[in-house]
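Each chain, written out:
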Amino acid sequence: MAGFETLLDRIVDDISEDGAKGKETKHPAAPALPKTAFQAALRGMRGHCPSCGESRMFPRLLKPFAHCDICGQDWTPQQADDFPAYVAIILTGHIMAPIIIFMVNKTDFSMWTNLAIMIGLALVLIGALLQPAKGAIIALQWWMGLNGFVKPVRPEELLVPNDGNT
Ligand SMILES: [Zn+2]
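Structure report, in brief. All of these numbers come straight from a predicted model, not from anything done at the bench.

As a further point, take the packing of helix α2 (residues 37-45) against helix α4 (residues 111-143). Remark: α2 packs on α4, axes separated minimally by 7 Å, with the N-to-C direction vectors making an angle of 145°. In this structure, α2 meets α4 at a crossing whose hand is right-handed. Of the residues in α4, those touching α2 at Ala-37, Ala-40, Ala-41, Arg-43, Gly-44 and Met-45 are Pro-132, Gly-135, Ala-136, Ile-138, Ala-139, Leu-140, Trp-142 and Trp-143. Residues belonging to the contact of α2 with α4 are distributed by class as follows: 11 nonpolar, 2 polar and 1 charged.

Shown next, in the form of structure tokens:
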């Protein structure tokens, strides 16, 4: 799982580090809000606060902090409920299907060996995908203003009428 998170961090850093460059200019009243829902979801997926992108979101596997230490965002209105589990199961199924087909057709393991490997791998995958799925779902709930969340002010709304031509 640690290896999975490290790999995910590297991929996401490559994709979205430009979005997090506002770190130096940030202060608690003005967190570096994500530019898009996708960036918010990526921050949540990495286990970072979707609002400021800095502090950790989960002290434990599936329990988010009540408030962000850095930007103060309240995470108590989140209601991810069972949705992260559904997402983790769907992803695990799609990853496992070709592996199962390969193992059954191309390996000479006994049925019990195949079964033990498949179940073990499925459990590891679900365990590894649950927290990223929950982080992304909470981030999207927050970004869209669902449940008790107040819809955050979008960066583009902050820049509106400074310049008449653009
Ligand atoms: Zn934050």
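One recurring pattern in soluble globular proteins: nonpolar side chains tend to sit buried together. Judged by nonpolar contacts, the single largest core of 14 residues is most densely connected at Ala-41, Ala-136 and Ala-139. Counting only elements with at least two residues in this core, the list comes to α2 and α4. Ignoring anything within four residues of it in the chain, the contact list for Ala-139 reads Ala-40, Ala-41, Arg-43, Gly-44 and Pro-50.

For Asp-81, which is not glycine, the phi dihedral falls at a positive 50°. Secondary-structure assignment places Asp-81 in the loop between α2 and α3 (83-106). On the basis of neighbour counts, which here come to 10 C-beta atoms within 10 Å, the residue Asp-81 falls in the exposed class.

What follows deals with the packing of α3 against α4. Direction vectors running N to C along α3 and α4 enclose 150°, while the axes themselves pass 7 Å from each other. One way to sum up the angle between α3 and α4 is to call them roughly antiparallel. Handedness of the α3/α4 crossing: right-handed. Per-class residue counts for the contact of α3 with α4 are 23 nonpolar, 2 polar and 1 charged.

Each value, and the rule that gives it
- Residues numbered from 1 in each chain as written.
- Predicted model: local features only at pLDDT ≥ 70, side-chain atom pairs only at ≥ 80, totals over all residues.
- Axes fitted to C-alpha atoms, helices over the stretch in contact; angles between N-to-C directions.
- Helix = DSSP H or I, 4+ residues; strand = E, 2+ residues; numbered from the N terminus.
- Left-handed = near helix turned anticlockwise from the far one by under 90°.
- Contact = placed C-beta atoms within 7 Å.
- Nonpolar A, V, L, I, M, F, W, Y, C, P; charged D, E, K, R; others polar.
- Core = buried A, V, L, I, M, F, W, Y, C linked by C-beta atoms within 7 Å.
- Buried ≥ 20, exposed ≤ 12 C-beta atoms within 10 Å, placed from the backbone.
- Parallel < 35°, antiparallel > 145°, perpendicular 65-115°, else oblique.

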